[in-house]
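Structural characterization, general
What follows is each chain in one-letter form.
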Amino acid sequence: MVELERQLKIIQKNTVEILPERELIEKLKSSLKKKKPLRVKYGIDPTGAEIHLGHTVPIRKLKDFQDLGHKIIFLVGDFTARIGDPTGRNETRPILSKPQIEENLRGYKQQIRKILNLKKTEFRYNSEWLAKLKLEELLKLSSNFTIARILERDDFFLRYKSGKPIFMQEFLYPLMQGYDSVVLNSDIELGATEQKFNLLAGRTLQEVLGKEPQVIITVPILEGTDGKKKMSKSFHNYIGINEKPEEIYGKLMSIPDSLMKKYFHLLTELSEREIFKLLKNPLLAKKRLAASIVENYYEKRKAEKAEKHFETIFQKRKVPEEMPVLQLKRENLKEGKIWIVRLLCLTKLTTSHNDARRLILQKAVSLNGEIITNPDLEIELKEESILKLGKRHFIKLKTT
RNA sequence: GGGUAGGUACCGAAACGGUUAAACGGAGCAGACUGUAAAUCUGCCGGCGAUGCCUUUGGAGGUUCGAAUCCUCCCCUGCCCA
């Protein structure tokens, strides 16, 4: 195992808070002495969400722990998913079936294996104990919290103030998350800053129930591609790690410059000094950022290809080497012709005929390099043509 | 349980019997400008082979030539009283 000072330094990097830091040091010391790894808990929802770069911030931190020889425990909130973490604006969620949860989790693992060594990782489901929890026990747990305390939580407070509903079950969420820590005997629990309250609930309950309280570590929340709101699927500002290299690269290039520094620190291995140097040239810096993040999830070759692709399409405004191909069936053609609006819908580039019309009128559509302006146009297709929508959507059409 | 204010498109929010797919803002999309950035400007932002037609303002009925707007019942939420 790695010596204390170095461990501490690695752990501290890119965190917002470590509470209480002194306890962390104690835990590390005793772990070294007994040669016993610390148990690091991280909670996830089995809702089948795509993992995006925002999620990778805590997961990368978990990797630090894993590399230091500690034990990572993923707490799968299959029971708590019924409530939905009140963080953010969610409504009550549908109850997931067991097979559904299994499938979601497979998808989850498939994604995080790009970051963590899954063989050394433990997965636990909280229905294992929460489903069995008796009302009596729940009462006992809840007697450790007051409404005022829970209402302090920022998102509850805001909702309450603005007259939005808060349901009883939501108040129970931090409690249950805290109870998970009790059962799992976690030494450390990790989460984004918005999780602070829930993480602290774990400390409280562990202490009350006679266990050594966990240390909580919070990591920053990552803003999405818009540079304002936190990265989230519902804000459409996310970059999924399963997306194609070109997509990841392109989306990263579109983030505001002001975000680059944070992205570099939280999502790449580059050193402070390298980052500082790079940032002097924003364009190059961003390209480097995009490339190195793509490399985290794909081979280097793919990252280079993504960069080329970007340069071709956006910097040179040329047609990319590769693009999706659509084979047009004969029944779609009338005397060898097809209505442009219909064609766009067939390619799924547009969602409706109106959508297609609009885009044509806005000069967003071109065929073989020529902008189409007439939405009533019947076009005659050659064996092979290239249809372009907006700046970045290309489709190769074949008629043979 | 009683009182009261509400439920409008992805979100926030106007309109409160008749120039109407429903002001305005945000998000999104397209175009211009760029470093595909940001900022800014412009346009679009329910559907239909379409100078017209169809479906929309919590749900179901009703009044009316005409309803998001009025009435009845139901569902949901905030606040106050208990």
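**Focus on the overall build of chain A**
- Across its full length, chain A carries 17 helices and 13 strands.
- Expressed along its principal axes, the backbone C-alpha trace of chain A runs to roughly 80 × 50 × 40 Å.
- Considering only residue pairs separated by 6 or more positions, chain A has 68% of its internal contacts joining residues 24 or more positions apart.
- Side-chain charges in chain A split into 75 positive and 54 negative, and the spacing between the mean points of these groups amounts to 2 Å.

**Focus: the side chain of Ser385**
- Within the fold, Ser385 resides in strand β12 (residues 384–389).
- Residue Ser385 is classed as buried on the basis of its relative accessible area of 2%.
- In contact with Ser385, not counting residues within four places along its chain, are Leu367, Asn368, Ile395, Lys396 and Leu397.

**What about the protein's contact with RNA strand B?**
- In the region of RNA strand B, 33 residues are neighbours, and Gly250, Phe310, Arg317, His353 and Arg358 sit closest.
- Note that a sugar or linking oxygen of RNA strand B is positioned 2.9 Å from one of the backbone N or O atoms of Ser254.
- The separation between a base nitrogen of RNA strand B and a polar side-chain atom of Asp257 is 2.7 Å.
- Those elements that place two or more of their residues in the surface near RNA strand B are α11 (245–253), α14 (282–297), α15 (300–315) and α17 (353–361).
- Among the elements that make up the surface near RNA strand B, the one with the highest residue count is α17 (5 residues).
- Taken together, the residues of the surface near RNA strand B sort by class into 13 nonpolar, 9 polar and 11 charged.

**Some thoughts on the sheet that holds strand β3 (residues 71–76)**
- The 6 strands are arranged β1-β6-β5-β2-β3-β4 in an open sheet whose pairing can be described as mixed. Two strands close off the open sheet at either side, each with one partner strand: β1 (17–19) and β4 (121–125). Between one strand axis and the next, the sheet turns by 25° as a mean value, whatever way the strands run.
- Both β1 and strand β6 (residues 215–219) contribute to a ladder of 3 bridges, which runs antiparallel.

**What about the packing of α11 against α14?**
- Contact geometry of α11 with α14 gives a least axis separation of 9 Å together with a crossing angle of 145°. For the pair α11 and α14, the sense of crossing is right-handed. Residue-level contacts link Pro245, Ile248, Tyr249, Leu252 and Met253 of α11 to Leu283, Lys286, Lys287, Ala290, Ala291, Ile293 and Val294 of α14.
- Here the contact of α11 with α14 is built from residues that sort into 10 nonpolar, no polar and 2 charged.

**What to know about the environment of Thr204**
- With respect to the helices and strands, the residue Thr204 is situated in helix α10 (residues 196–208).
- In the structure, Thr204 is positioned 76 residues away from Glu128 in sequence and 21 Å away in space, judged by C-alpha atoms.

**Structural notes on the sheet that holds β12**
- Ordered in space as β7-β13-β12-β9-β10, the 5 strands form an open sheet in which the pairing is mixed. Each having just a single partner strand, β7 (325–327) and β10 (370–371) make up the two edges of the open sheet.
- Taken together, the 3 bridges between strand β9 (residues 365–367) and β12 define a ladder with antiparallel strand orientation. Looking at β12, one finds that Leu367 is bridged to Leu387.

**Some words on the domain arrangement of chain A**
- When the domains of chain A are assigned, the result is domain 1 (2–219), domain 2 (243–315) and domain 3 (325–399).
- Taking only C-alpha atoms, the centre of domain 2 and the centre of domain 3 are 32 Å apart.

**What to know about the pairing of β3**
- Of all 6 residues in β3, 5 are buried, a share of seventy percent or more.
- You can see the chain leave strand β2 (residues 39–44), run along helix α3 (residues 53–67) and come back into β3, and the turn it takes is right-handed.
- Here 5 bridges tie β3 to β4, and the two strands are oriented parallel to one another. Across the sheet, Ile73 pairs through a bridge with Glu122, a residue of β4.

Cut-offs applied
Sequence order sets the numbering: in each chain, residues are counted from 1 along the sequence as written. Lettering of chains starts at A and numbering of ligands starts at 1, both following the order in which they are written. In keeping with the predicted nature of the model, local features appear solely for residues at pLDDT of at least 70, side-chain atom pairs appear and are counted solely at 80 or more, and the whole-chain, interface and lining totals rest on all residues. Side-chain metrics in this entry use all non-hydrogen atoms of the structure; hydrogen atoms and water are not considered. The secondary structure listing takes helices from DSSP runs of H or I that are at least 4 residues long and strands from runs of E that are at least 2 residues long, numbered from the N terminus. Residues count as neighbours in contact if any of their non-hydrogen atoms are within 4.5 Å of one another. Positive charge is attributed to Lys and Arg, negative charge to Asp and Glu, and no charge count is given to His or to the chain ends. To locate a charge, the coordinates of NZ of Lys, CZ of Arg, CG of Asp or CD of Glu are taken. Buried, partly exposed and exposed residues are distinguished by accessible area as a fraction of the type maximum, computed with a 1.4 Å probe on protein chains only: under 20%, between the cut-offs, and over 50%, respectively. We call a residue near a given molecule or strand whenever any one of its heavy atoms falls within 4 Å of it. The term polar contact refers here to a pair of N or O atoms within 3.5 Å; inside protein, the definition further demands a hydrogen-donor-capable atom paired with an acceptor-capable atom, and it admits residues adjacent in sequence only when both atoms are side-chain atoms. Each residue receives one of three labels: charged for Asp, Glu, Lys and Arg, nonpolar for Ala, Val, Leu, Ile, Met, Phe, Trp, Tyr, Cys and Pro, and polar for the others, Gly being one of them. At least two DSSP bridges between two strands are needed for those strands to be called paired. Helix axes are fitted only over the stretch in contact, all axes being lines through C-alpha atoms; the angle between N-to-C directions runs from 0 to 180 degrees. The sense of a crossing depends on the near helix, which, turned anticlockwise from the far helix by less than a right angle, makes the crossing left-handed and, turned clockwise, makes it right-handed. Note that the domain bounds reflect an automated or database-derived domain assignment. Crossovers are marked right-handed if the path from the first strand over the helix to the second runs clockwise, as seen with the strands pointing away from the viewer.

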